[in-house]
Amino acid sequence: MADEAEFREQFHDAFEGADYPVSSPMDLVPALPNGPGTRFESGDTSFTAMELATKMNDAQDFPYDNVDALVDDLIEGLKQKDML
């Protein structure tokens, strides 16, 4: 089972270096350690940043002024899609 705290920490670490405010998922790519191929994993759930962006496009509310607001929306989106 995927762990919310694990994903929250991974998302925060991956996206905290972005140049906020960000107005689209593409603004986040330069902050990712392995670009769109950056992988997030917890339990038996795993996806790349690109897969995350595709799955969460309707759960995100750009622009984001800070990493915490972005991460909160990503976690909420994972819950809504029964991925967490």
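If you're wondering where the values come from, they're calculated on a predicted model, not measured in any experiment.

A. Local environment of the overall build of the protein chain. Secondary structure assignment for the protein chain yields 3 helices and 2 strands. Taking 12 Å as the expected radius of gyration for a compact globule of 84 residues, we find that the protein chain reaches 11 Å, a close match to that expectation. Its C-alpha atoms give the protein chain principal-axis dimensions of about 30 × 25 × 20 Å. Out of the 84 residues in the protein chain, the part that is buried amounts to 39%.

B. Seen up close, helix α2 (residues 49-56). Taken as a whole, α2 has its buried residues at Ala-49, Leu-52 and Met-56. Projected down its long axis, α2 shows its buried positions confined to an angular sector of 55 degrees, all on one face. On its buried face, α2 is in contact with α1 (4-15), β1 (39-42), β2 (45-48) and α3 (67-80).

C. Up close: the packing of aromatic side chains. Counted by the stated rule, this structure contains 8 aromatic pairs. A ring pair is formed by Phe-7 and Phe-47, whose centres lie 5.2 Å apart and whose planes are at 20 degrees; its orientation type is stacked. In this pair, Phe-7 sits in helix α1 while Phe-47 sits in strand β2, placing the two residues 40 residues apart along the sequence. In this structure, Phe-7 and Phe-47 share a single accessibility class: buried. Taken together, the ring pairs connect Phe-7, Phe-11, Phe-15, Phe-40 and Phe-47 into an aromatic cluster.

D. Molecular detail of the nonpolar core. Counting 26 residues, the largest nonpolar core has Phe-7, Phe-11, Phe-15, Tyr-20, Phe-40, Leu-52 and Leu-78 as its most contacted members. Mapped onto this core, the elements with two or more residues apiece are α1, α2 and α3. The dominant element in this core, judged by the number of residues it contributes, is α3, at 6 residues.

E. The side chain of Ser-42, seen in detail. Within the secondary structure, Ser-42 sits in strand β1. What makes Ser-42 buried here is its relative accessible area of 1%. A distance of 2.7 Å separates the side chain of Ser-42 from the backbone nitrogen of Asp-3, its partner in a polar contact.

Basis of the calculations
Residues numbered from 1 in each chain as written. Predicted model: local features only at pLDDT ≥ 70, side-chain atom pairs only at ≥ 80, totals over all residues. Heavy atoms only, no water. Helix = DSSP H or I, 4+ residues; strand = E, 2+ residues; numbered from the N terminus. Rg over C-alpha atoms; globule rule 2.2 N^0.38 Å. Buried < 20%, exposed > 50% of the residue type's maximum accessible area, 1.4 Å probe, protein only. Arc of directions from axis to C-beta. Contact = heavy atoms within 4.5 Å. Phe/Tyr/Trp six-rings, centres within 6.5 Å; stacked < 30°, edge-to-face > 60°. Core = buried A, V, L, I, M, F, W, Y, C linked by side-chain atoms within 4.5 Å. Polar contact = N/O pair within 3.5 Å; in protein donor to acceptor, adjacent residues only side chain to side chain.

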